[in-house]
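# Commentary on secondary and tertiary structure
Listed here are the chains, written in short residue letters.
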Amino acid sequence: MSQPILPRRALIGGLASAGTLGLAGCSGDPPTYGSLLRMGDNLTWRAHRLLFGRGLAREYDKSEITSIVAIGTTDPANAMEPAFDPDQGDAYDRLRHGAFADWRLEVAGSVARPGFYSLADLQRLPARTQVTKHTCEEGWSAIAQWTGTPLGLLLKASGVKPTARFVNLHAYDMLVETIDIVDAFHPQTILAYAMNGRDLPVQHGAPLRARVETQLGYKSLKFLRRIVVTDRFEDPGKRGDIQNGWSWYAGI
Ligand SMILES: Nc1nc2c(c(=O)[nH]1)N[C@H]1C(S)=C(S)[C@@H](COP(=O)(O)O)O[C@H]1N2
Ligand SMILES: [Mo]
């Protein structure tokens, strides 16, 4: 399949002035280093790492919570969804009918202790609650409260190796998102199982979704199934951002 699977506009890195900044001194190559077409991604990523470090996204008061539409996949078991995957869709359907009691999050790759976590396992780890603004690349935003396990905590619990550089998130539809290790350990990057104080609804990504508050909405992958830690950027192919024409780094 060479066509984008979802009609989403490609984002070219937004920091037009990045080219004039001194970008030396960052450690490591950006994942798409050397690709002319990906210069925007690379410059935005480098500029953000240089300028903002690990700054926090703004958090809001509960009184500022707005309604939030559900977009993209809203039911991974629905064969009419553009990103539907027959095998995973069926698996999702069975898990949902069991109220996700049999759901497990797989943690694999560059970790000393790969394994499978139930929702109860995750809920036993310290939780973070944050009221943040979700900004979709298609031009809308909404404020909601999210509660979940900081991804960094889960990675530490799994014995993340010092060579780890990226984390690939896999969902029950066919999508995969990649974030770097800095965003993975960002204190506001959480695996959320609750929204506005209730269990995460199906259309918003039940039973578990990522919240990547430092980037645009599509990085906050819903319907999580599997997390793979890698030592170098591994393009997830037609299920990932790059081959769909989206920016792999969508920092805001
Ligand atoms: N698995 C999966 N995650 C996804 C999507 C999707 O289609 N599938 N859409 C993304 C986009 S573009 C946005 S804006 C948000 C929407 O989250 P919401 O439906 O909770 O508002 O989910 C993101 N995560
Ligand atoms: Mo989005």
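In this text, all values refer to a predicted model and were calculated from it rather than measured experimentally. (Residues numbered from 1 in each chain as written. Chains lettered and ligands numbered in written order. Predicted model: local features only at pLDDT ≥ 70, side-chain atom pairs only at ≥ 80, totals over all residues. Heavy atoms only, no water.)

## Digging into the confidence of the model for the protein chain
For the protein chain, per-residue confidence averages 87 on the pLDDT scale, and 84% of positions sit at 70 or higher. Scored below 50 in pLDDT, residues 1-27 shows 49 contacts in the model against residues more than four places distant or in partner chains. (pLDDT = per-residue confidence, 0-100. Contact = heavy atoms within 4.5 Å.)

## Here's the deal with the site of ligand 1
Taken together, 23 residues are adjacent to ligand 1, and Val69, Asp173, His204, Arg209 and Lys222 come closest. Within the side chain of aspartate 173, an N or O atom sits 2.6 Å from a nitrogen atom of ligand 1. Calculation on ligand 1 without its partners gives an accessible area of 530 Å², and the protein chains cover 99% of this total. Its residues assigned to classes, the shell around ligand 1 comprises 11 nonpolar, seven polar and five charged. (Near = heavy atom within 4 Å. Polar contact = N/O pair within 3.5 Å; in protein donor to acceptor, adjacent residues only side chain to side chain. Areas by Shrake-Rupley, 256 points an atom, 1.4 Å probe, with all protein chains shown as cover. Nonpolar A, V, L, I, M, F, W, Y, C, P; charged D, E, K, R; others polar.)

## Overview of the pattern of salt bridges
Within the structure shown, the criterion is met by nine salt bridges. Arginine 239 is the partner of aspartate 85 in a salt bridge, and the nearest nitrogen-oxygen pair spans 2.7 Å. In this pair, aspartate 85 sits in the loop between helix H1 (39-51) and helix H2 (86-97) while arginine 239 sits in the segment after strand S10 (224-230), placing the two residues 154 residues apart along the sequence. Arginine 96 serves as the salt-bridge partner of aspartate 93, at 2.9 Å between the closest nitrogen and oxygen. With aspartate 93 and arginine 96 both in helix H2 and three residues apart, the pair spans about one turn of that helix. Aspartate 93 sits in the partly exposed class, given a relative accessible area of 28%. Residue arginine 96 is classed as partly exposed on the basis of its relative accessible area of 23%. (Salt bridge = Lys/Arg side-chain N within 4 Å of Asp/Glu carboxyl O. Helix = DSSP H or I, 4+ residues; strand = E, 2+ residues; numbered from the N terminus. Buried < 20%, exposed > 50% of the residue type's maximum accessible area, 1.4 Å probe, protein only.)

## Side note on unusual backbone geometry
In most cases, non-glycine residues show a negative phi, while peptide bonds are predominantly trans. The linkage connecting alanine 206 with the following residue, proline 207, adopts the cis geometry, with an omega of 0°. Residue position: proline 207 is located in the loop between strand S8 (198-199) and strand S9 (209-211). Residues other than glycine seldom take positive phi values, yet phenylalanine 100 does so here, at roughly 65°. Within the secondary structure, phenylalanine 100 sits in the loop between H2 and strand S1 (105-109). Phenylalanine 100 sits in the buried class, given a relative accessible area of 10%. The backbone of phenylalanine 223 sits at a positive phi, close to 55°, despite the residue not being glycine. Looking at where phenylalanine 223 falls in the secondary structure, it is placed in the loop between S9 and S10. Judged by relative accessible area, which is 0%, phenylalanine 223 ranks as buried.

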